Number of protein chains: 2
Amino acid sequence: MGENLPGDAVENGKKSPRTPKHWELKERLAELLRAVSPGGSLPGERALASEFGVSRTTVRKALAELTAEGRLTRVHGSGTFAGEGKLTQRLQLSSYTEDMRSHGRRPTSSLLDARIGAADPELAALLGIRSGDDVLRLRRLRRADGEPMAIETSRLPLPRFPGLDRYVGDGSLYGVLYQHYGVELGHAEETIETALATPAEAALLGNEAGALMLLLSRHSFDTDGHPVEWVRSVYRGDRYKFVATLVSPQSSDDSVHARLER
Amino acid sequence: MGENLPGDAVENGKKSPRTPKHWELKERLAELLRAVSPGGSLPGERALASEFGVSRTTVRKALAELTAEGRLTRVHGSGTFAGEGKLTQRLQLSSYTEDMRSHGRRPTSSLLDARIGAADPELAALLGIRSGDDVLRLRRLRRADGEPMAIETSRLPLPRFPGLDRYVGDGSLYGVLYQHYGVELGHAEETIETALATPAEAALLGNEAGALMLLLSRHSFDTDGHPVEWVRSVYRGDRYKFVATLVSPQSSDDSVHARLER
DNA sequence: GGACTTGAGTGGTTTAGACCATTGCGATTA
DNA sequence: TAATCGCAATGGTCTAAACCACTCAAGTCC
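These lines cover the structure that appears in this document, whether it is placed above or below.

Criteria and cut-off values
Residues numbered from 1 in each chain as written. Chains lettered and ligands numbered in written order. Predicted model: local features only at pLDDT ≥ 70, side-chain atom pairs only at ≥ 80, totals over all residues. Heavy atoms only, no water. Helix = DSSP H or I, 4+ residues; strand = E, 2+ residues; numbered from the N terminus. Buried < 20%, exposed > 50% of the residue type's maximum accessible area, 1.4 Å probe, protein only. Contact = heavy atoms within 4.5 Å. Areas by Shrake-Rupley, 256 points an atom, 1.4 Å probe, with all protein chains shown as cover. Near = heavy atom within 4 Å. Polar contact = N/O pair within 3.5 Å; in protein donor to acceptor, adjacent residues only side chain to side chain. Nonpolar A, V, L, I, M, F, W, Y, C, P; charged D, E, K, R; others polar. Salt bridge = Lys/Arg side-chain N within 4 Å of Asp/Glu carboxyl O. Axes fitted to C-alpha atoms, helices over the stretch in contact; angles between N-to-C directions. Parallel < 35°, antiparallel > 145°, perpendicular 65-115°, else oblique. Left-handed = near helix turned anticlockwise from the far one by under 90°. Pairing = 2+ DSSP bridges.

### A few points about the overall build of chain A
- Of regular secondary structure, chain A possesses nine helices and eleven strands.
- Within chain A, the fraction of its 262 residues that count as buried is 48%.
- For chain A, contacts bridging at least 24 residues in sequence account for 56% of all contacts bridging at least 6.
- Counting only carbon and sulfur atoms, one obtains 47% of the accessible surface of chain A, whose full area is about 12,600 Å².

### What about the protein's contact with DNA strand D?
- Around DNA strand D, 28 residues are found, and the nearest of them are Lys 21, Thr 58 and His 76 of chain A together with Arg 56 and Thr 80 of chain B.
- Of everything in DNA strand D that lies within 4 Å of the protein, sugar and phosphate atoms constitute 58%.
- Contact between DNA strand D and His 76 of chain A: a base nitrogen at 2.6 Å from a side-chain N or O atom of the residue.
- A total of four residues in the surface near DNA strand D trace back to one element, the largest contributor, which is helix α3 (residues 56-68) of chain A.

### Details of the protein's contact with DNA strand C
- In the neighbourhood of DNA strand C, 28 residues make up the surrounding shell, with Glu 45 and Arg 56 of chain A together with Lys 21, Thr 58 and His 76 of chain B lying closest.
- When atoms of DNA strand C within 4 Å of the protein are split into backbone and base, the sugar-phosphate part holds 57%.
- Counting only elements with at least two residues in the surface near DNA strand C, the list comes to α2 (45-52), α3, β2 (72-75) and β3 (79-82) of chain A together with α1 (21-34) and α3 (56-68) of chain B.
- Per-element accounting of the surface near DNA strand C gives the leading share, four residues, to α3 of chain B.
- When the residues that make up the surface near DNA strand C are grouped by side-chain class, the tally is three nonpolar, 14 polar and eleven charged.

### Digging into the pattern of salt bridges
Residue and element names in this part refer to chain A.
- Enumeration according to the criterion identifies 34 salt bridges over all chains in this entry.
- Between Glu 229 and Arg 218 there is a salt bridge whose closest N-O contact spans 3.5 Å. Placement of the pair is Glu 229 in strand β10 (residues 227-236) and Arg 218 in strand β9 (residues 212-222), with a sequence separation of eleven residues. Grouping residues by exposure puts Glu 229 and Arg 218 together as buried.
- Linked by salt bridges that have partners in common, Lys 26, Glu 65, Glu 69 and Arg 71 make up one network.

### A look at the packing of α2 of chain A against α3 of chain A
Residues and elements named next belong to chain A.
- For the pair α2 and α3, interaxial distance at closest approach is 8 Å and the crossing angle is 110°. Between α2 and α3, the crossing angle belongs to the class labelled roughly perpendicular. The handedness of the crossing between α2 and α3 comes out as right-handed. Between α2 and α3, the residues in contact are Glu 45, Arg 46, Leu 48 and Ala 49 and Arg 56, Val 59, Arg 60 and Leu 63, respectively.

### Concerning the side chain of Thr 191 of chain A
- The topology assignment puts Thr 191 of chain A in strand β8 (residues 185-196).
- For Thr 191 of chain A, a relative accessible area of 18% corresponds to the buried category.
- If we ignore the near neighbours within four places in the chain, the residues touching Thr 191 of chain A are Leu 215, Leu 216 and Ser 217 of chain A together with Lys 241, Phe 242 and Val 243 of chain B.

### Side note on unusual backbone geometry
- Look at Asp 145 of chain A: it is not a glycine, yet its phi comes out positive at around 55°.
- Tracing the backbone shows Asp 145 of chain A in the loop between β6 (134-144) and β7 (147-157).

### Remarks on the environment of Lys 241 of chain A
- Within the element layout of this structure, Lys 241 of chain A appears in strand β11 (residues 240-247).
- The spacing of Lys 241 of chain A and Gly 85 of chain A is 156 residues in sequence and 9.8 Å in space, taken between C-alpha atoms.
- Apart from the residues lying within four places of it in its own chain, the contact partners of Lys 241 of chain A are Lys 86, Leu 87, Thr 88 and Gln 89 of chain A together with Thr 191, Ile 192 and Glu 193 of chain B.

### Focus on the environment of Arg 105 of chain B
Residues and elements named next belong to chain B.
- Within the secondary structure, Arg 105 is located in the loop between α4 (96-102) and β5 (107-118).
- Remark: the alpha-carbon pair of Arg 105 and Ala 144, spanning 39 residues in sequence, is separated by 5.9 Å.
- A distance of 3.1 Å separates polar atoms of two side chains, one belonging to Arg 105 and the other to Asp 145.

### Details of the environment of Ala 124 of chain B
- Mapped onto the fold, Ala 124 of chain B is located in helix α5 (residues 121-127).
- Ignoring any residue separated from it by four or fewer positions in sequence, one finds Ala 124 of chain B in contact with Ala 119, Ile 129, Arg 130 and Ser 131 of chain B.

### Quick word on the sheet that holds β7 of chain A
- Ordered in space as β5(A)-β6(A)-β7(A)-β10(A)-β9(A)-β8(A)-β11(B)-β4(B), the eight strands form an open sheet in which the pairing is mixed. For this open sheet the edge positions go to β5 (107-118) of chain A together with β4 (87-90) of chain B, each flanked by a neighbour on one side alone. The mean angle between the axes of side-by-side strands here comes to 20°, regardless of whether they run parallel or antiparallel.
- As defined by bridge partners, β8 of chain A adjoins β9 of chain A across eleven bridges and the pair is classed as antiparallel. Bridging from a neighbouring strand, Ala 195 of chain A pairs with Met 213 of chain A of β9 of chain A.
- Lying on the sheet, helix α7 (residues 173-181) of chain A is in contact with β6, β7, β8, β9 and β10 of chain A; it crosses β10 of chain A at an angle near 170°.

### What to know about the sheet that holds β3 of chain A
Residues and elements named next belong to chain A.
- Overall, antiparallel pairing links the three strands, which are arranged β1-β3-β2 in an open sheet. Every other strand in the sheet has two partners, leaving β1 (41-42) and β2 as the edge strands with one partner each.
- As defined by bridge partners, β1 adjoins β3 across two bridges and the pair is classed as antiparallel. Following the sheet pairing, Ser 41 is matched in β3 by Phe 81.

Structure follows, in structure tokens:
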């Protein structure tokens, strides 16, 4: 369609619709992929390279993008398979466990390690303790139907929850906080951004190093407004999607439509 | 074709510390990068390759990841430069314009095109109209301090907003809806996931094809609960970060800590 | 039967080199 | 002076080839 781009970069009398080979190949593979049901296998890289008359490097670049988009799953030594789409996670102060169950998934969670260390100044400020105070660091691996989905690293202020390290396990952390300390969560501040998997994360997630990830940071407070935890979670970008329900800041006065202006 | 589901293998115990060269190089480059102020330049690919004794391909792979993380900016024909960190956008029913202003940024928005087309069944359902009804499609390019940040594609039901296509421009769409139709936004459902830039999007954003993107889909309703728009936005993953404030579903009864269980 | 070995096939990493496209600047020219 | 040209440097794409690491099943051995 005619796209008139006002003052944009369309000078150069010779505008080449430069389309890299690997991109064109990607679209042809996507086409080919539509005929494959989830879990089905694709030809090997070498076969694709000779079939489409390109080098294996180019095939790999196209496959890499399809993989990053979650449309392919690749298993070293085994093959390339059609992906299975994304799960969604509600952006609210609710339970991973419940969210997954409501999607008909079987959620599990395992504690990777629990360590006590000293808070640096930044972390101390976040947790409302003094620099150098003890902090409990928990790392959990979350799965859905047995498939690794996310790595969650929580940090909690031990001075506020003495003995907490003796209570934690594979079960509910929030349950422990409630039963032993009477603490309930009130609100949290959460940020979402993109990231790439580190080799260690990739190994745990059955993912590839450098894979697309969604990085969530959550700063939770109890019902009295005191900080409870600082959490950093990495979710597989090829399998996850977050959902939020947004509500208009106020009912109706003059300022509303100004605040909603776009 | 494969019958079994791949990718469920999770090893434990023996883990060869296999560290690819490009990853090790990436960390060394990150170190080198700390000594460079934002906007400063790095040596060329060929220079780095010979300096670190690796091939240019390996250098490019390391640089590609750093770029995807927003820590580098690369300009074809010019060089490689240190990045400038991410902006944040509040996840609420507020204005892009106001958000940017509150961060001291100068936001601008330009209308790329406005077209009228027929709704397919799915879109019609989302917008509360009949399949085949007219839909106004708006594409906007959003910038901060002149730098392209996002492409936003909105779709609105024309039967509900007759003549809307004559009112829209570079200005506030929500303002137009309020002034001409008395419509204010009530709530919206928003999903966030990762995506890769298409060549067209990349060209508009001054980005690279295949770059990391945050894909936002928003379904907005007015204060009466009627659908107003369906928006699909792609934000630069290397420059953007989203923030949400989460509130505990309800005050206090027995079910609360159960719902908060993790 | 059960445990082990082996090897073919797969994806993963790395190399060296060629060529293309864009940029920016210095030298040249009108 | 001002515009243009040329060219070197930069990043982008692509190839061909080698080797590594992992998987899986067929074959072998006890």
